[in-house]
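# An overview of the molecular structure
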Amino acid sequence: MISTLLGGLSADEFLREYWQRKPLLVRGALKDFKGVFSKPELLELATRDDVESRRVWNTDGQWQLERGPFSSRAWRQKGPWTVLVSGTNLVSDEADALLRQFDFIPQARLDDLMVSYATDCGGVGPHFDNYDVFLIQGIGQRRWRIGAQRDLTVIEGAPLRLLKDFRPSREWVVEPGDLLYLPPQYAHDGVAIGECMTYSVGFRTATNQELAEAFLGYLQENLSLKGRYADPGLKRPKNSAEISNEMIEQVAATLARISWNKQTVANFLGAYLSEPKPHVFFEPPELPMSERKFATTVGQRGFRLDIKTQLLYRGNRFFLNGEPFDAEPAQRAALKLLARDRKLSANAVNPTLLCAFYDWYCSGFGAPA
Ligand code: SIN
Ligand code: CO
């Protein structure tokens, strides 16, 4: 399966030679791929307020961007345009399954499956993205032009990261089921030949600044320093407006007590990476079954995570939608399996987990399979 997806390469070969390094075009990566969504299904998603969408077109040389949700009247617009729907894996099991085919990349690096629909000649303009992306062609054809240019100067004031001077060096027309992998910051431009749909499996990374800010926020929430500033034996100042050396030294010593280690970083990453995006809401069951009924049902059918749930782990500590969960030794194997496969068969469910699973079920994080 993977070797078809990667054009005969093993996952290890792909990671060694292409990942974050150079583009790869795979013809027929997904055999008989007709896409996950029909055109009306995708356009319908773009009208929902719980789904992120954007529409892009060009009027007289000026790129325009409009954010969803859209009214269906928007689709009457003549000429070339593209609608991009993000996070489709959060609302469709088939979209989620497509994304999971890329699980030779850690889930901690995975972002989402974005799907675009374009009318003839539609595209978002020559640009670069800051993430690795697998672009899978759904229905129709698209002409991709790509280039390894260093000059990534963007057009100022444009609604997208559009390149001022795009210099493509390679060009392909892709068909349904073809896949194009692009590393971050690789210049590209895809133009629809007739109506077309493209599936982008994206692996966004945080900037160092974003990571540091998020970590400092995490430290702040989890910090507990004892004591209080004190100055017995205070000397009378020459000028009462001056901040004294003694005060600076004492505060510097206090701040030096803020410390962290690899465990702190692991706990931060677990919470940060498994935290649902701001617009994601879980739907608890309206009439939850009793705990007893739940145990019998899971005993027969197994347990699965909700499509929006993120479960990661490090060592014995699991992170479920931003919250840590400490597993007992006997529970770990089953939870690791659940984190990877997103479901557990009835006989793989450790009975000591039923209580936690029931809590998760009542919060909408999972359900009997
Ligand atoms: C598209 O699907 O139209 C654009 C995807 C991309 O270039 O990143
Ligand atoms: Co792009």
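Sequence order as written defines residue numbering, which begins from 1 separately in each chain. The order in which chains are written sets their letters, starting at A; the order in which ligands are written sets their numbers, starting at 1. At least 70 in pLDDT is required for a residue's local features to be given in this predicted model, at least 80 for side-chain atom pairs to be given and counted, and no such filter applies to totals for whole chains, interfaces and linings, which use all residues. Only hydrogens and water are set aside when side-chain values are computed; all heavy atoms of the structure are taken into account.

### Some points on the domain arrangement of the protein
Each assigned domain of the protein is listed here: domain 1 (2-203) and domain 2 (291-368). By convention here, the domain bounds are inherited from an automatic or database domain assignment. Just the C-alpha atoms count here: the centres of domain 1 and domain 2 sit 33 Å apart. Note on definitions: a residue-residue contact is assigned when non-hydrogen atoms from the two residues lie within 4.5 Å. Counting from both sides, the interface comprises nine residues of domain 1 and, opposite them, seven residues of domain 2. Buried area: the accessible surface (1.4 Å probe) lost by two parts on joining, summed over both. Of all residues in domain 1, Leu90, Arg100 and Gln107 give up the largest surface area on contact with domain 2, accounting jointly for 66% of the area buried on that side. A side-chain nitrogen of Lys or Arg and a carboxyl oxygen of Asp or Glu constitute a salt bridge if their distance falls within 4 Å. At the surface where domain 1 touches domain 2, the tally comes to zero salt bridges. Identification of polar contacts relies on pairs of N or O atoms within 3.5 Å, with a donor-acceptor requirement for protein atoms, meaning one able to donate a hydrogen and the other able to accept it, and with residues adjacent in sequence counted only if both atoms are side-chain atoms. In this assembly, domain 1 and domain 2 are joined by one residue pair in polar contact (both at pLDDT 80 or more). Only Asp, Glu, Lys and Arg are considered charged in this grouping, and only Ala, Val, Leu, Ile, Met, Phe, Trp, Tyr, Cys and Pro are considered nonpolar; every other residue, Gly among them, is considered polar. Considering only residue class, the side of domain 1 that touches domain 2 consists of three nonpolar, three polar and three charged.

### Focus: the coordination of the cobalt ion (ligand 2)
Donor atoms: N, O and S within 2.8 Å of the metal, or within 3.2 Å for Na, K and Ca. Because water is excluded, sites can look incomplete. Here the cobalt ion (ligand 2) is held by His127 (NE2), Asp129 (OD) and His188 (NE2), and the distances to it run 2.0 to 2.1 Å. Coordination of the cobalt ion (ligand 2) draws on donor residues from a single chain, spaced H-x1-D-x58-H in sequence. Separated by 61 residues along the polypeptide, His127 in the loop between β5 (112-118) and β6 (132-137) and His188 in strand β10 (residues 187-193) bring together distant segments of the chain. Neither His127 nor His188 differs from the other in exposure class; each is buried. By the criteria applied, helices consist of DSSP H or I runs no shorter than four residues and strands consist of E runs no shorter than two, each listed in order from the N terminus. The buried label applies to any residue whose accessible area, calculated with a 1.4 Å probe on protein chains only, is under 20% of its type's maximum; exposed applies above 50%, and partly exposed to all values in between.

### Regarding the site of ligand 1
In the vicinity of ligand 1, the residues found are Thr82, Leu84, Ser116, His127, Asp129, Leu135, Arg142, Trp144, His188, Thr198 and Ser200. Between ligand 1 and His127, the relevant distance is 3.2 Å, taken from an oxygen atom to a side-chain nitrogen or oxygen of the residue. Accessible surface is estimated by sampling points in the Shrake-Rupley manner with a 1.4 Å probe; for residues, cover comes only from the protein chains shown. Its free accessible area being 260 Å², ligand 1 has 96% of it covered by the protein chains. Of all the elements in the fold, those that place two or more residues in the shell around ligand 1 are β4 (81-85), β7 (141-147) and β11 (196-203). Its residues assigned to classes, the shell around ligand 1 comprises three nonpolar, six polar and two charged. Throughout, near means a residue has at least one heavy atom within 4 Å of the molecule or strand.

### Structural notes on a nonpolar patch on the surface
For patch building, the residue pool is restricted to those with more than 30% relative accessible area and no salt bridge; the joining distance is 9 Å between like charges and 5 Å between nonpolar side chains (Val, Leu, Ile, Met, Phe, Trp, Tyr). A cluster of nonpolar side chains, Tyr229, Ile243, Met247, Ile248, Val251 and Leu255, forms an exposed patch at the surface whose accessible area comes to about 540 Å². Locating Ile248 in the fold gives a position in helix α6 (residues 245-255). Using a relative accessible area of 48% as the deciding quantity, one classes Ile248 as partly exposed.

### Section: empty space enclosed by the protein
Using only the protein atoms, space was sampled on a 1 Å grid; points where a 1.4 Å probe fits but cannot get out form cavities, open sets with protein on both sides within 12 Å along at least five of seven lines form pockets, and lining residues are those with an atom within 4 Å of a point. Grid points are joined across faces, edges and corners, and a volume is the space filled by probe spheres set on the points. Tallying each qualifying case throughout the model produces one cavity of 30 Å³ or more. Lining the largest cavity, in full, are Leu99, Arg100, Phe102, Asp103, Ile105, Pro106, Gln107 and Leu110. Classifying every residue of the lining of the largest cavity by side-chain character gives five nonpolar, one polar and two charged.

### A look at the packing of helix α8 (residues 291-301) against helix α10 (residues 354-363)
At their nearest, the axes of α8 and α10 sit 10 Å apart, and the two run at 110° to each other. Here α8 lies roughly perpendicular to α10, going by the angle between them. Taken together, the residues of α10 that come into contact with α8 (itself represented by Glu291, Phe294, Ala295 and Val298) are Leu354, Cys355, Phe357, Tyr358 and Tyr361. Along the lines of polarity and charge, the residues of the contact of α8 with α10 split into eight nonpolar, no polar and one charged. The convention used is that axes are lines fitted to C-alpha atoms, helices contributing only their stretch in contact, and that angles between N-to-C directions extend from 0 to 180 degrees. Just so you know how the angles are binned, under 35 degrees is roughly parallel, over 145 roughly antiparallel, 65 to 115 roughly perpendicular, and the rest oblique.

### Side note on the side chain of Thr309
With respect to the helices and strands, the residue Thr309 is situated in the loop between β12 (303-305) and β13 (311-314). Overall, the relative accessible area of 2% leaves Thr309 in the buried class. Here the side chain of Thr309 touches Phe365 through a polar contact of 2.8 Å, landing on its backbone oxygen. Thr309 has contacts with Phe282, Leu320, Asn321, Arg342 and Phe365, leaving out every residue within four places of it along the chain.

### So, the nonpolar core
We define a nonpolar core as any set of buried Ala, Val, Leu, Ile, Met, Phe, Trp, Tyr and Cys residues linked to one another through side-chain atoms lying within 4.5 Å. Membership of the largest hydrophobic core comes to 42 residues, with the highest contact counts inside it found for Phe14, Phe102, Phe104, Phe134, Ile136, Leu179 and Tyr199. Not counting residues up to four positions away in its chain, the partners in contact with Leu179 are Leu5, Leu24, Leu25, Val26, Ala29, Phe102, Phe134, Leu135 and Ile136. By size, the runner-up hydrophobic cluster in this structure holds 26 residues, among which are Leu90, Ala334, Leu344 and Phe365.

### So, the UniProt feature "domain: JmjC" (unreviewed entry) in the protein
UniProt positions are given in the numbering used here, feature names are shortened, and annotations may be inferred rather than shown by experiment. Here, UniProt's "domain: JmjC" (unreviewed entry) annotation points to residues 94-220. A distance of 39 Å separates the end C-alpha atoms of residues 94-220, which is 16% helix and 35% strand.

### As for the sheet that holds strand β14 (residues 317-320)
Across the sheet, three strands lie side by side as β13-β14-β15; this open sheet has antiparallel pairing. For this open sheet the edge positions go to β13 and β15 (323-326), each flanked by a neighbour on one side alone. Averaged over all neighbouring strand pairs, the angle between strand axes comes to 30°, with direction disregarded. Here, a strand pair is defined by DSSP locating no fewer than two bridges between the strands. Pairing of β14 with β15, which is carried by four bridges, proceeds in the antiparallel orientation. In the sheet register, Arg317 faces β15, and the bridge partner there is Asp326. Contacts between helix α7 (residues 262-274) and the sheet are confined to β13 and β14, with β14 contributing the most and set at about 25° to the helix.

### Brief notes about unusual backbone geometry
With omega at 5°, the peptide bond leading from Gly68 into Pro69 counts as cis. With respect to the helices and strands, Pro69 occurs in the loop between β3 (62-67) and β4. Look at Asp32: it is not a glycine, yet its phi comes out positive at around 55°. As for its placement among the helices and strands, Asp32 is situated in the loop between β1 (24-26) and α3 (39-45). By relative accessible area, Asp32 is classed as exposed at 60%. Despite not being glycine, Asn321 has its phi angle at roughly 45°, a positive value. Summarising the element assignment, Asn321 is placed in the loop between β14 and β15.

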